[in-house]
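Analysis of the macromolecular model
Below, each chain spelled out in residue letters.
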Amino acid sequence: MSEAIMPFGRPVYVMLKPVGARCNLRCDYCYYLGRGLHEGAVMNEALLEEFIRQYLEAQTVPQVLFTWHGGEPLLRGIDFYRKALELQRKYGKGRQIDNCLQTNGTLLNDEWCRFFHDNHFLIGISIDGTQAMHDGHRGDSSRNGEGTGFRGRSWHEVMRGIGLLKRYGVEWNAMATVNAANVGSPVEFYRFFRQIGCEFLQFTPVVEVSRRCDVSWRNEDSPRCEMSDESITAEEWGRFLCAVYDEWVREDVGRVFVQLFDATLANWCGVAPGVCSMAPTCGQAAVMEADGSVYSCDHFVSPAYRLGNIRQQEAGGRQSTLVSGQQPTLSSLLYSERQQQFGQSKFTSLPQQCRECRWLFACNGECPKNRIAVDCYGNPGLNWLCGGYRQFFSHVAADMDFMKSEIDAGRAPANIMRANLKK
């Protein structure tokens, strides 16, 4: 395939994992645990330079975002990121370059926060709510041995890290999982984030199987998945979303930005939702592990979704190629037919119930990783949380219609708060 043909007329994103799955915490619901992939890898500076050069060359727009993830990316050390900024300047050619980094917050100190402030990093903090909600599943493996399930200190250390970010004026947002420990307390959950001054909040429902099973369910004899203890049900998800939304829409529209609510309104208005899980197709957000291996998505880091490796030689001297004799680049992997098929399959693999659903425009089947249920016709591929989303969309439909009409008229969607007061 010619690299001159670029199907993305927009930025492409590759989440970079400098230490792979390594982490100083061992959260019960972590989807990296037990995979055995890239757990000991650490990215060297030579590979970092190759990635930055190729990533910038792959972009078709002047604004470029670097996303640093893990595991826990701070384990790579601050000098690694100083080198990254040097290389961004070297290969940037005048582009506007921004950096965001997702951390559990426990390793933050004054030096890190000065660095993030001075270099305009956006920091995402992983925190699940109050101490009881957070420490219920986010264990500290560094203090009591790998995998022992230590509890009790992680939340306090995260809150200390948030305090440092605030002190140094670092822009930050929160990423929370919704799991068995907090799904039953949605109002308390939301008010906690509002209380600590969080203005940008995204939450991710925990949907994980507790044992290997046939998640394709291609025949009636396929076993149904046994879900992990941390996972939530569709009914719980629906109640949680409705309760959080009711709290948010009362007085926080335009003040607190909740990613899922923003994405829902975007889909209502017929514009890109800004998050791949709610878009019709995906595939524009790949991930590169610490050894240079590139995968279709962070939720699909497995051999079946490995696109290739940007290094010239892989372990054991094996050449990484797309075509015999052709060295793959990051661009060729991102624009490959295989990756395009991965992205399109988000739509083409939708089961009949989804295609007939009145809310398809709003969720687009959500993330494929959660499509482990059977639809009402017996077809595989229904989202585990489908019933919850349907409850949520029905609950917010009138408000979304109102906010869309305000936007169409050139007015602020936050007017919904005044409108609701008049009811």
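Here is a short report on the structure shown in this document.

Attention now goes to the overall build of the protein. Per the secondary structure count, the protein includes 15 helices and 14 strands. Buried residues in the protein amount to 52% of all 423 residues. For the protein, the exposed area adds up to about 19100 Å²; of that, 50% sits on carbon and sulfur atoms.

To continue, consider the sheet that holds strand 3 (residues 63-68). Judged by pairing direction, the sheet is mixed, and its 10 strands sit side by side in the order 9-8-7-5-4-3-1-10-11-12 without closing on themselves. Edge positions in the sheet fall to strand 9 (257-258) and strand 12 (306-309), since each of these pairs with one other strand and no more. Sitting on the sheet, helix 6 (residues 154-167) is in contact with strand 5 (122-126) and strand 7 (171-178), with an inclination near 160° to strand 5.

With that settled, consider helix 14 (residues 386-408). Owing to its 3.6 residues per turn, the α-helix aligns residues three or four sequence positions apart on the same side. Of all the bends in helix 14, the greatest measures close to 50° and is centred on Ala397. Those residues of helix 14 that fall on the buried side of the exposure criterion are Cys386, Gly388, Tyr389, Phe392, Phe393, Val396, Ala397, Asp399, Met400, Met403 and Glu406. Positive backbone phi, at 80°, marks Gly410, one or two positions downstream of helix 14.

Attention shifts here to the packing of aromatic side chains. Throughout the structure, instances matching the rule amount to 38 aromatic pairs. Judged by centre distance (5.1 Å) and plane angle (65°), the ring pair of Phe189 and Phe193 falls under edge-to-face. Taken as a pair, Phe189 and Phe193 lie in helix 7 (residues 186-195) at a separation of four residues, close to a single helical turn. The exposure class assigned to Phe189 is buried, which follows from its relative accessible area of 0%. Arranged with centres 6.2 Å apart and planes meeting at 85°, the rings of Phe203 and Trp237 form a pair that is edge-to-face. Taken as a pair, Phe203 in strand 8 (residues 200-205) and Trp237 in helix 8 (residues 234-251) lie far apart in primary sequence, 34 residues in all. Classification of Trp237 by relative accessible area gives buried; the value is 1%. One Lys or Arg, Arg355, reaches over the ring of Phe347 and ends 5.1 Å from the middle of that ring.

Rules behind the numbers
- Residues numbered from 1 in each chain as written.
- Predicted model: local features only at pLDDT ≥ 70, side-chain atom pairs only at ≥ 80, totals over all residues.
- Heavy atoms only, no water.
- Helix = DSSP H or I, 4+ residues; strand = E, 2+ residues; numbered from the N terminus.
- Buried < 20%, exposed > 50% of the residue type's maximum accessible area, 1.4 Å probe, protein only.
- Areas by Shrake-Rupley, 256 points an atom, 1.4 Å probe, with all protein chains shown as cover.
- Pairing = 2+ DSSP bridges.
- Contact = heavy atoms within 4.5 Å.
- Axes fitted to C-alpha atoms, helices over the stretch in contact; angles between N-to-C directions.
- Bend = angle between axes of the 7 residues up to and from the residue.
- Phe/Tyr/Trp six-rings, centres within 6.5 Å; stacked < 30°, edge-to-face > 60°.
- Lys NZ or Arg CZ within 6 Å of the ring centre and 35° of its normal.

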